[in-house]
Amino acid sequence: ERKLKKEQQTALPAPGTAGYVAPYSASELQAEIKSAWERAGVLQKRYHEAQSALGTMKANHTRVLQQLDDTHKRLNEERRENLKLAAEEKRLAMELEAAREFEPALEQSRRERAALEKENHQLLATAMNAPSESQSETRKLRTFMAEAQRERAEAELREVELRRTIQTIGAQGVEEAAATREERDRLRMECSRMEVELEAANEKISVLMDMSRAALENREMNNAQVAIVDDGIDEGSLRAELRGLRETFGDQVEELRKAHRLLKLEEQQVDDLRAALTEEKTRADKMNESLFKKVKAHENELDRRQKKIHALEAQVRGREYVEATEKPESQAVRSSRDGMAQDVPPKASVDDFADLSPDENIFELRLMSIDLDADKIGEKNPETFMTVDFFEHETQTSPVQQGLSVSTDHTLQYIVKADDFFLEYLDTKRLPVELNKSLGMDFATIGVANINLSWVLDDTLAGRTAEAPAEHFCDVIGRSGEVIARLRYAAYMRKSIVADVREYRRNKPPVRVKPSKDAYVAAYTAAAETPFPNMISVELSCCRDLVPRVGPASSMVPYCSYQFPGLPSHDTVYGRGANPDFDDVHDMPLKRTKDVEAKMVKSAMEIIAFDDADTDLEGAGVIGIARVDLEPLSKGMPVTGSFPLFSQSRERRGTVFVSIAWKDPNAPTATSARAPPPVSSAARVSEMRSDPSRVSPELEEDTILSSSAAPQPPTSVSLKPRDSAEASTSAGSAAGSADSIVFSIGQFELGKTLYHDHKVRQMFMLFEFMPKFHRDDEQQTMRVKKESQFVDFGYTKAFPVKDSGLRAALAALLDGGNPEDATIPFCLVSDDNGIDFEDVGFFELKLTDIYKHGDYVDRRVEVLDRNDVPIGRVTVSVVAQKALQSIALTR
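Description of the structure in this document. A quick note: this is a predicted structure, and the numbers were derived from the prediction, not measured.

**Looking at the packing of helix 9 (residues 454-461) against helix 10 (residues 498-506)**
Close contact between helix 9 and helix 10 brings their axes to 9 Å; oriented N to C, the two are set at 115 degrees. Here helix 9 is positioned roughly perpendicular relative to helix 10, judged by the angle of their axes. Note on packing geometry: the crossing formed by helix 9 with helix 10 is left-handed. Along its contact with helix 9, which presents Ser454, Leu457, Asp458, Thr460 and Leu461, the element helix 10 presents Val498, Val501, Arg502, Tyr504 and Arg505. Here the contact of helix 9 with helix 10 is composed, by residue class, of 5 nonpolar, 2 polar and 3 charged.

**A closer look at the pattern of salt bridges**
Within the structure shown, the criterion is met by 24 salt bridges. In this structure, the salt-bridge partner of Glu88 is Arg91, at a minimum N-O distance of 2.5 Å. A residue pair is termed a helical-turn pair when its members lie 3 or 4 positions apart in one helix, as Glu88 and Arg91 do in helix 2 (residues 26-128) at 3 residues. Residue Glu88 is classed as partly exposed on the basis of its relative accessible area, which comes to 35%.

**With respect to the packing of aromatic side chains**
Inspection of the entire model under this criterion finds 22 aromatic pairs. Centre to centre, the rings of Phe363 and Tyr414 are 6.5 Å apart; their planes meet at 35 degrees, and the pair counts as tilted. Linking Phe363 in strand 3 (residues 360-372) with Tyr414 in strand 7 (residues 405-417), this pair joins segments that are 51 residues apart in sequence. Residue Tyr414 is classed as buried on the basis of its relative accessible area of 1%. Geometrically, the ring pair formed by Tyr559 and Phe610 is stacked, given 5.4 Å between the ring centres and 20 degrees between the ring planes. Remark: Phe610 occurs in strand 16 (residues 604-611) and Tyr559 occurs in strand 13 (residues 558-563); sequence separation between them is 51 residues. Pair check on accessibility: Tyr559 and Phe610 agree, each one buried. An aromatic cluster of at least three residues, connected via ring pairs, comprises Phe363, Phe390, Phe391, Tyr414, Phe421, Phe422 and Tyr425. One residue, Arg650, lies across the ring of Phe646, its end atom 4.6 Å from the ring centre. The ring of Phe764 has Arg783 lying over it, and the distance from NZ or CZ to the ring centre is 4.4 Å.

**Let's talk about helix 17 (residues 804-814)**
Those residues of helix 17 not exposed but buried are Leu806, Arg807, Leu810, Ala811, Leu813 and Leu814. In an axial view of helix 17, the angular spread of the buried residues amounts to 155 degrees, which keeps them on one side of the axis. At its buried positions, helix 17 is contacted by strand 20 (740-750), strand 23 (790-800), helix 18 (847-853) and helix 19 (881-889). The N-capping residue of helix 17, defined by a side-chain oxygen 3.0 Å from the backbone nitrogen of Gly805, is Asp803. Phi for Gly816, located one or two positions after helix 17, is positive at around 95 degrees.

The rules behind the values
- Sequence positions are assigned chain by chain, starting from 1 and proceeding in written order.
- Residues qualify for local features only when their pLDDT is at least 70, as the model is predicted, and side-chain atom pairs are given and counted only at 80 or more; totals for whole chains, interfaces and linings, by contrast, use all residues.
- By convention in this description, side-chain values take in all heavy atoms of the structure and omit both hydrogens and water.
- Lines fitted to C-alpha atoms define the axes here, with helix axes fitted over just the stretch in contact, and angles between the N-to-C directions of these axes take values from 0 to 180 degrees.
- Here a helix means four or more residues in a row that DSSP labels H or I, a strand means two or more in a row labelled E, and each is numbered from the N terminus.
- With respect to orientation, any angle under 35 degrees is reported as roughly parallel, any angle over 145 as roughly antiparallel, any angle of 65 to 115 as roughly perpendicular, and every other angle as oblique.
- Put simply, a crossing is left-handed when the front helix is turned counterclockwise from the back one by less than a right angle, and right-handed when it is turned clockwise.
- The contact rule is simple, with two residues in contact once any of their heavy atoms fall within 4.5 Å.
- Polar here means any residue other than Ala, Val, Leu, Ile, Met, Phe, Trp, Tyr, Cys and Pro, which are nonpolar, and Asp, Glu, Lys and Arg, which are charged; Gly is therefore polar.
- Salt bridge, as used here: a side-chain nitrogen of Lys or Arg that lies within 4 Å of a carboxyl oxygen of Asp or Glu.
- Remark: exposure states derive from per-residue accessible area (1.4 Å probe, protein chains only) relative to the maximum for the residue type, with buried under 20%, exposed over 50%, and partly exposed in between.
- Put simply, two rings from Phe, Tyr or Trp (the six-membered ring, in Trp's case) pair if the centres are within 6.5 Å, and we call them stacked under 30 degrees between planes, edge-to-face over 60, tilted for the rest.
- Lysine NZ or arginine CZ positioned within 6 Å of the ring centre and within 35 degrees of the ring normal marks a charge as sitting over the ring.
- Directions drawn from the helix axis to the C-beta atoms are what define this arc.
- The definition of a polar contact used here is a pair of N or O atoms within 3.5 Å, where within protein one atom must be able to donate a hydrogen and the other to accept one, and adjacent residues in sequence count solely through side-chain atom pairs.

Here's what the structure looks like:
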C-alpha cells in the first residue's frame, strides 16, 4: 500500500487533468536551442567587450603609474641637488668663519711687531749713548742683536708662510685652517720668548749703565787711570761701527715698512675673499630659493593633476551606461562655492534653501537634450557626455549617453552669491559646454556650445521663474568650425533676483575704452564715438602651399589670426587642406589723423597661420608668420599682394594673400558681397555668436597663444612729452631735481634674431646703481611677455640722494674715483616663467658723461649680446645732472 501511494504521488498528471503539459515538438525544441545559443553568443560578446575594457583600464593605470614614477624620480633628483647646494653653502660658511678667525691673529701680529720695533729703537739708542767703558759689553750686545735679527727674520719667514696659507685657504678648505691655527699658536709662543729675551737684555743694559756710572764716579774721585777694556779700537773705528749700525737699522726699518705694506695687501685680499664668500652665499641662497620654488611648483602641479584625475575617475566611474531607447531619470548635482559637489533629489523643494545663507542663491543649468549630426560625428551610435565649467566652481559632467538624439534631463546646481560681480559675469560672459566622446576609460572633446548667460537676466525681467523656465537652443561647434549638434537647455536662478537685476541694469557703467597715449588706440576710441567713422578694411582671401608641422597636408585645419596695431585681434574661419579659401573681410573703425599716418610709416601687421589639427602645445600649432608693412596706408594707398609665411626657424611654410585699405563709409564702395557660408544639416538657432570658440582645452590654449602672438600697441612710459597738455609736466620731469636721480626704461624694439627666438618668451631688464644703498628689487622692471616686436617695460623710478653716505660716494666718483663704480650696467634677462633665467643683452651708461654733457632723455641705446652683436634698441632716460651738480657744489 505504501508503494502504491508513492507511485500515485510521483506519477505524471494524466491527459485532460490539471497540470498536464503536452510534449514539445522537434521544431519548438530547435527554436529553444537556437535562442539559447544566441543568448550565449551575446553573453560571450559582452564578456569579450568587458575583457577589452578591463585591458584598457589596466593600460591606463600602468601609464599613470609610470608617469607618477617619472615625476617622483625628477623630484628626488631636484631634492638631491637641493641637498648638495645646502652642503656647499655650509662648507662656504665654515670657510668664511675660518677666514674670520685670522683677523685677530693678524692684528695681534701687527701689535707685536710695533712693540718689537719700539724696543729695537730703545736698544739702539742705549747702545749709541753708552760710555766708552762699556764698549766691550756693547760687542756682546751686538752679538745678541744679531741673534735677535735672525729670530726676527725667521719670524718674517713664518709670517710669509702664514700669508701664503691665508691665500690658499679658499682652495684647500678647512683642513688647512687647522694647520694655520697651530702655526699661529707657535708664533705666539716664539713672540713671547722673544719678549722675555728682550726684557732680559734691557735689564742687562741697565745694569751695565749703572756699573759704568759707578766706575766713572770712582775714577773722578780717585783720579786714577782707568784701564781701557779694548786698546785695539780707536775713535774712528767706533764711528765706522756706529755708522754700520745706523745703516743696518735703516735697512731694518725699510724691511718693516715693506712688511707693513704686505700686511695691508693681505688684509685687502682677506676683504676681497670675504666679499667673494658673501657673493657666493647670496648666489647659493638665490639658487636654493629658485629650486625650492621649482620643486613647489612641480608639487602643486602634481597635486592639481592628481585631484583632477581622481575627480574625473570618480565622475566617469560613477556614471552608468544607458540604452539609447531608454529615457534616463532626471538627476541633479549641486556644487557649492568651495568646489564640493553632492547629489540632490531631482525635484527641488523649499528645503533646498535650508542650508543657505540669506545672501546666497542657487543657479540651475538643465541640460535637457542634444541632437547630433551623424555625418559630422562619423558614428551612428556614439557614446557622449558633456562637461561644464561654471564661474568659480569645479568641472561637472553629465552621464554617458548613447545615440544621436539623447534626452539627458540633467540638472546642475551651483551655490552662488548674487552680487554685482556675479551679475556682471552673467551679463558679459558665455558658458562653454563641451561635448565629449567616450573612448572606454578615456575621452576626446569633439565640440563646444557657448551658452549666452545674459538670457538669464533677460528671462528674469520677462517674468520667467524656476517653476516655468524658458528653454533655449545653442549650436555645438566642432573642430572644423561646423555645427555638429544642437543643445536644448534652460538656465535660471532659484530665488527671484528681479530687484537685483533692475538695480544692476540701472547702475551699469557704460563700456569705455581705457584712455591711452598711443595714436592707434586714441584713433580707435575716437572712431567708436563717431557715427560714421573711417575704417580699415582687411581682406584675407586665401592661403596657398601651406606646409604642416606634423601629419599630411590633407588633414590640416588652418585658420589665420591677425591684429592691426592698437586694435582688437580677429580670427578667420577654418579651412581645409594646404590651400584653404577664407574670403574673410573685416572692417575696423579707425579715425584717420596725422598721428596715425605718421605712426603707420614704421608700423607693420603680423598675420599668424595656425593649424587646428596640430595638437602639439609646444609649437602652439603655428604654421608660420607673415609681416605686412603699413607704410603705403600712411599715403592713402592700399596694401595688396601675397606675403610669405615663415616659421620660427625662418623656413618658408606657405603664402597668404591679403589686401588692406582705408574705407570711407560715405563713399560708394566696389566691394563685392560675399556669399554666406553654407549652413550644415543641423538646424541653427537665433543665438548670436561673437566668434567660433575652440572646442577643447588644447584649442583654448591655441587661442590664447594666437592672441598673445599678435602685436600689441607699443606704448611707452618714457619722459618724452606726448602732447601739448603734458608738455609742462614732461619738461619738469626732464629737467630733473637736485634731490633725486630718475631712471626710466620704456619701449624695447626687438631685433630679428631675438624676436624669432622661441626660447625667449618673457623678459625683464635690471640695472645696478649704487648697490650698497639700494635694493635689487628697486632696480628691475616688471616681467613683460614677448607679444610683438615692441616690448614696453614701463619703468620709472626716482632714487633720492639726500643720504650723506650716498652723496659722499657720488662725490668720490665725480672726483675721479673708480671708473667701474661710475658705470651703470643694464642687463636684459629672459625669464621662463620664473624657472630658468638667462642674460641675453647688455649695455652701459656712465654717470660722468651725464654730469659733463647733460641728462639722457628718451635716448635710443643699442642692446648687445655676449658677442657684442646688436639684438635690439631700448629707450632709456636718466635724469641726474642737476643732482650731481648739487653734490659737486656741496662737496
